[in-house]
Amino acid sequence: MDHIPDIIGYPLDEALRICQASGYEVEIMVTRPVKAIPEGNPTSPRAVSFNKVSKNRGVVIVVFEDRGRGGG
């Protein structure tokens, strides 16, 4: 199991399926923006990182996408 799954940018449910198909059990770590997300604001959890912690375990780091804001 030397293959580390490439899940960056995937929606959380898809990222978890990819990890499972690669043979990994994962924990999920959620990060939040500096400002709290207001209720009613549509956000989607997205995977931004996979950290292998042992032979068949990893941590998926997840952020919430803010669709109402632009970058730049």
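Since this is a predicted model, take the numbers as computed values, not measurements. (Residues numbered from 1 in each chain as written. Predicted model: local features only at pLDDT ≥ 70, side-chain atom pairs only at ≥ 80, totals over all residues. Heavy atoms only, no water.)

Counting secondary structure elements, the protein contains one helix and three strands. Walking the protein from its N terminus toward its C terminus, one meets helices and strands in the order α-β-β-β. By residue count, 21% of the 72 residues in the protein fall in the buried class. For the protein, contacts bridging at least 24 residues in sequence account for 55% of all contacts bridging at least 6. Carbon and sulfur atoms make up 52% of the accessible area of the protein, which amounts to about 5,100 Å² in all. (Helix = DSSP H or I, 4+ residues; strand = E, 2+ residues; numbered from the N terminus. Buried < 20%, exposed > 50% of the residue type's maximum accessible area, 1.4 Å probe, protein only. Contact = heavy atoms within 4.5 Å. Areas by Shrake-Rupley, 256 points an atom, 1.4 Å probe, with all protein chains shown as cover.)

Counting across every chain of the model gives four salt bridges. With a closest N to O distance of 3.0 Å, Arg 57 and Glu 25 form a salt bridge. Separated by 32 residues along the polypeptide, Arg 57 in strand E3 (residues 57-66) and Glu 25 in strand E1 (residues 25-30) bring together distant segments of the chain. Note that Glu 27 and Arg 57 form a salt bridge whose closest N and O atoms lie 3.3 Å from each other. Of the two residues, Glu 27 sits in strand E1 while Arg 57 sits in strand E3, which places them 30 residues apart along the sequence. Looking at Arg 57, the relative accessible area reads 26%, which means it is partly exposed. Look at the salt bridges and you will find they share partners, linking Asp 13, Glu 14 and Arg 17 into a network. (Salt bridge = Lys/Arg side-chain N within 4 Å of Asp/Glu carboxyl O.)

Attention now goes to the nonpolar core. Of all hydrophobic cores here, the largest spans nine residues; its members are Ile 7, Leu 12, Ala 15, Cys 19, Tyr 24, Ala 47, Phe 50, Val 60 and Val 62. Sorting the residues of this core by element identifies helix H1 (12-21), strand E2 (43-54) and E3 as the ones contributing at least two each. A per-element tally of this core places H1 first, with three residues. When neighbours within four sequence positions are excluded, Ala 47 is seen to be in contact with Ile 7, Ile 8, Gly 9, Tyr 10, Ala 15, Val 60 and Ile 61. (Core = buried A, V, L, I, M, F, W, Y, C linked by side-chain atoms within 4.5 Å.)

Quick look at the environment of Asn 51 now. One can find Asn 51 in strand E2. Looking at Asn 51, the relative accessible area reads 35%, which means it is partly exposed. Counting along the chain gives 25 residues from Asn 51 to Val 26, while the straight-line C-alpha distance between them is 9.3 Å. In this view, Asn 51 contacts Arg 57, Gly 58, Val 59 and Ile 61; residues no more than four positions away in its chain are not counted. One polar contact links Asn 51 to Ser 49, side chain to side chain, over a distance of 3.5 Å. (Polar contact = N/O pair within 3.5 Å; in protein donor to acceptor, adjacent residues only side chain to side chain.)

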